[in-house]
Amino acid sequence: MSRFRFTARPLAFVASLALAVSAATAQQPSRAPQAPQTPQDRLVAAMHGVSSNVILDYVKEMTSEKFGGRLTGTPGYDASAAWTVGLLKGWGYQPMGDQGSWYQKFPNPYTLVLPGTELSLRVPQPGGGEIVKSYRWETEYYQGSTSDAGKVTAEAVYVGYGVTAPELGYDDYAGVDVKGKIVVVEPEAPMGPMPDTALFKKWRPYSFHSYKIENAAKHGAAGKVYNYHIVNPNARFVKGLILSYVNEVVLNDLFAGLPMSHRQTVDQIRKTLKPASRAFGKTMTLMNTTVHHPEGIGSNVIGVLPGSDPALKDEYVVLGAHLDHLGYNHEMMPGAHDNASGVAVLLAAAEAITKSKVPLKRSVLLLLFGAEEQGVWGSEYYVNHPVVPNAKIAAFLNLESVGRGERIGVSSGVEYPAIFEAMKRANDAYVHRAMGAFANLNLARPRQDAAHFLWAKIPTVSIGTSGAPPLPYASYHTTKDRWEIMTPEIMEDLARITFLATVDLANR
Ligand SMILES: [Zn+2]
């Protein structure tokens, strides 16, 4: 399959139209022939200099083939990090990484997922014989992002949530033999955090991807089919286990001819909290092409703009965004919304900060994280190895998937109203976007870089965008998260708000 398939061509056309329109408005003749005089004038001029064209170009650059989908540990990721450093250096930021460099390095095992894959099912026919169904990569399955390389053909066995929890009187592997076989596993746990949060806490350790992979391997499974149809490297690599992610198409074929459908089976487990494990009486083949790199090294990019107030320059306003994405899964995963958009908005705000030449009392620290996708490792490493005391961070604004939609959401803006208020002042004065603060409800699992900062009691918000019209295809963690589906205008608005709020917080 070509890597340059443009299934979204009509959208690309719309996006280029939108670009042409915003270019026309952005390139009006300069209104002020002389340099603006007061800091306030310079602030407003720099804000107007923030352009959706430039921001979208950053997204295009980051999602281009040369950075290979930015999987942390790969040369593509390192090249994308070097590209950001080139920009930050040019704008006058200073390095704050290891030994005077821009990079903070950390151990980062990673797995390359290459072209060459198969997922098929042999379905016995009523009159004897069987048919072989081969499934389509991406629309029906993906190679597991932490799969071992190889091919396994074996009987498929359903093991529900893949949990062995003696203290809860629950074992999906009881009474089934999975040695050398392919287990079929559900994500999460048989219950959610609501309504019984205390009970869920006991199940929570069994809800993680890595636990389920390791438990399958511990029971001797040779393959695992996971009901989790997105590309996702946030799990441990286990030697000898072939892993694939499937959707309902494959699951319904597996359950066809059984007394209960897939949906009914899952509902029954959730209702009774009793396993419903069983052999399907069907054989599957999984084949994946991967190369595991246990020796991988990841990095965060760290830059600083020192403040000028003798008393306050040791305090920091921090802007963060994760630079990494998913690399390849057969084809390149571009990660435009997730999270080239966040980096692009951060870069635009960072440029406006230095170009405005507005004096800052506090210092501004920029953090571009690696390995968010592999388990928020970069931000965890940073919080445990900070380059400035965590207690000196006055505010941390994390930008996460901010490239699409028409509304801005500020998670933890309720817990940290001072940060949200600074953003609101900027929005109310200049931008007028729909913007709201939310309480952070999902700290059960570190799914965003902001989590580690919040746990360290650092005043933190995580900013996202929403409200884009639905696409005719899935874009989250697929090959379709491309620059063509971005909303350049919201990135421009958010970069302006981020710029003004950062200056406000640095000087307040
Ligand atoms: Zn992601």
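Residues numbered from 1 in each chain as written. Predicted model: local features only at pLDDT ≥ 70, side-chain atom pairs only at ≥ 80, totals over all residues.

**Concerning the overall build of the protein chain**
Thought 1: Of regular secondary structure, the protein chain possesses 13 helices and 23 strands.
Thought 2: Over its C-alpha trace the protein chain gives a radius of gyration of 25 Å, about what one expects of a compact globule, namely 23 Å for 508 residues.
Thought 3: Projected onto its principal axes, the C-alpha positions of the protein chain cover 85 × 50 × 40 Å.
Thought 4: Buried positions account for 49% of the 508 residues belonging to the protein chain.
Thought 5: Here the analysis covers contacts within the protein chain between residues at least 6 apart in sequence; of these, 82% occur between residues at least 24 apart. (Helix = DSSP H or I, 4+ residues; strand = E, 2+ residues; numbered from the N terminus. Rg over C-alpha atoms; globule rule 2.2 N^0.38 Å. Buried ≥ 20, exposed ≤ 12 C-beta atoms within 10 Å, placed from the backbone. Contact = placed C-beta atoms within 7 Å.)

**Quick look at the sheet that holds strand β7 (residues 150-158)**
Thought 1: If you walk across this open sheet you meet the eight strands as β5-β4-β13-β7-β10-β11-β12-β6, and the pairing is mixed. Of all strands in the sheet, those bounded by a partner on one side alone are β5 (130-134) and β6 (141-143). When strand polarity is set aside, the average angle formed by the axes of neighbouring strands in this sheet is 30 degrees.
Thought 2: Across four bridges, the pairing between strand β11 (residues 223-226) and strand β12 (residues 242-246) is parallel. Across the sheet, tyrosine 226 pairs through a bridge with tyrosine 245, a residue of β12.
Thought 3: The sheet contacts of helix α7 (residues 248-255) involve β4 (118-124), β5, β6, β7, β10 (182-185), β12 and β13 (278-288), and relative to β4 the element is tilted by about 25 degrees. (Pairing = 2+ DSSP bridges. Axes fitted to C-alpha atoms, helices over the stretch in contact; angles between N-to-C directions.)

**Here we look at the nonpolar core**
Thought 1: Counting 139 residues, the largest nonpolar core has Val59, Ala344, Val345, Leu346, Ala349, Leu366 and Phe499 as its most contacted members.
Thought 2: Residue contributions to this core reach at least three from each of two domains, namely domain 1 (34-108 + 296-507) and domain 2 (112-292).
Thought 3: Look past the residues within four positions of valine 345 in its chain and what remains in contact with it is Ile55, Leu399, Val402, Met491, Leu494, Ala495 and Thr498. (Core = buried A, V, L, I, M, F, W, Y, C linked by C-beta atoms within 7 Å. Domains from an automatic or database assignment.)

**Points about the environment of histidine 48**
Thought 1: Tracing the sequence through the fold places histidine 48 in helix α2 (residues 39-49).
Thought 2: The partly exposed category is assigned to histidine 48, around which 15 C-beta atoms lie within 10 Å.
Thought 3: For the pair histidine 48 and alanine 450, spaced 402 residues apart in sequence, the C-alpha to C-alpha distance is 29 Å.

**A closer look at helix α11 (residues 417-431)**
Thought 1: Along α11, the positions that sit buried rather than exposed are Ile419, Phe420, Ala422, Met423, Ala426 and Asn427. Each buried residue of α11 lies within a common arc of 155 degrees when the element is viewed along its axis, so the set occupies one face. Exposed side chains of α11 directed beyond 90 degrees from the buried face belong to Asp428 and Ala429.
Thought 2: The secondary structure elements touched by the buried residues of α11 are β20 (393-399), β21 (407-411), β22 (434-438), β23 (460-466) and α13 (488-507). (Arc of directions from axis to C-beta.)

**Details of the pairing of β20**
Thought 1: Among the seven residues of β20, six are classified as buried, and the element is accordingly described as predominantly covered.
Thought 2: Pairing geometry for strand β16 (residues 316-322) and β20, over six bridges, is parallel. When the sheet's bridge partners are listed, glycine 320 is paired in β20 with asparagine 398.
Thought 3: Bridge analysis of β20 against β23 gives four bridges, and the strand direction is parallel. By the bridge assignment, asparagine 398 is partnered in β23 with serine 462.

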